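# Notes for the structure review
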Amino acid sequence: MHAGNVKLVIAALLVSAGSLAASAGGFDAGEGGSFDVNVGGLVAVSPEYEGSKDYKVIGAPLLFPAGFGDEGIVQFRGVDDLRFRLLNQYGFEAGPLIGWRFNRDEDDADRLIGLGDVDGGFVVGGYAGYRFGAFLPFVSYHHAVSGDETGGVLRFGAEAKTKLDGGITATVIGGATYADDDYMDSYFSVTGAQSAASVAGLGVYDAEAGIKDVFIGLSGDVPISDRWSLKASARYTHIVGDAVDSPIVETESQFSGGLGLVYRWTVGN
């Protein structure tokens, strides 16, 4: 997916989430119908493709209601993990999720030439978790419903949130990802036809369903003033199992991160 399309996808997800949060009471309107929205921008860094040793930089605008976040109905955990917390009772929370799965073009790396493109598409699924104070074990499922048949992944782990001095909120997350056969075939297998067309001479490889990675991440929300805040995140993912043995994978160590600057703006009277 080209960077311009990525920007549009991220912005569309955030705007649609904002619309749902507004209709579901995700923020409070003030007197005269005024309400707060967050506007800003995000710069993110991620591997060119899953298993790549090279990286790309993506920029995107941000626009969402001020009630959007860990305490609101809508929670953003990643481009493929935009959650809607519709059930929140006695520590248990659950709801649907939507997102986007990036495509992989054969010109993303020399190693991929001849393998053909893998089309990305919209993702739907759901999540559930049980909160013990600041600690939240969770499980989520993400399945592609457009583009190529790239299957689904089951992500499970836990996150813990804490308040630091200066109003800073820090969140630590860790877990693992299970991928089904369709996903593993799409992103890690090499068929006989692909092997024959491979410029890099990749051999035939059949990746089976299983745990494809483990990950750990840290994110922070840093208030700069009453209106401005800085949002930062970093994640390390280690590819394992059949995925790491794929000839497509250049390195098992994958880093990603993002930095955003947000302004809280009052709309209306």
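Preceding this paragraph is the structure being described.
Residues numbered from 1 in each chain as written. Predicted model: local features only at pLDDT ≥ 70, side-chain atom pairs only at ≥ 80, totals over all residues. Heavy atoms only, no water.

### Some remarks on the environment of Asp180
Test applied: Strands are runs of DSSP state E lasting at least 2 residues, helices are runs of H or I lasting at least 4, and numbering of each runs from the N terminus. Contacts were defined at the residue level, with two residues in contact if any of their heavy atoms lie within 4.5 Å. Polar contact is defined as a pair of N or O atoms within 3.5 Å, subject to the rule that within protein one atom must be able to donate a hydrogen and the other to accept it, and that residues adjacent in sequence are counted only when both atoms are side-chain atoms.
Along the chain, Asp180 turns up in the loop between strand 10 (169-179) and helix 2 (181-187). Not counting chain neighbours up to four residues away, the residues in contact with Asp180 comprise Tyr141, His143, Thr150, Gly151, Gly152 and Ala209. A polar contact of 2.8 Å, which involves the side chain of Asp180, links it to the backbone nitrogen of Gly152. Side-chain polar atoms of Asp180 contact the backbone nitrogen of Asp182, separated by 3.3 Å.

### A short note on the pairing of strand 6 (residues 92-101)
Operational definition: Per-residue accessibility, obtained with a 1.4 Å probe over protein chains only, is compared with the maximum for each type, and a residue is labelled buried under 20%, exposed over 50%, and partly exposed between these values. One bridge is not enough; two strands pair if DSSP finds at least two bridges between them.
Extensive coverage of strand 6 is indicated by the burial of seven of its 10 residues. Sheet topology places strand 4 (residues 82-84) next to strand 6; two bridges connect them, and they run antiparallel. By the bridge assignment for strand 6, Arg83 is matched with Leu97. The loop that links strand 5 (residues 87-89) with its antiparallel partner strand 6 comprises two residues; one of these, Tyr90, has a positive phi angle of about 55 degrees. For strand 6 and strand 7 (residues 121-130), the ladder comprises 10 bridges, and the chain directions are antiparallel. Bridge pairing in strand 7 links Pro96 to Gly126.

### Digging into the environment of Ala144
Counting through the fold element by element, Ala144 comes out in strand 8 (residues 135-144). A residue is classified by how much of its surface remains accessible, and Ala144, at 8% relative accessible area, is buried. Taking the C-alpha atoms as reference points, Ala144 and Val124, 20 residues apart in sequence, are found 6.5 Å from one another. Ignoring anything within four residues of it in the chain, the contact list for Ala144 reads Arg101, Phe122, Val123, Thr150 and Gly151.

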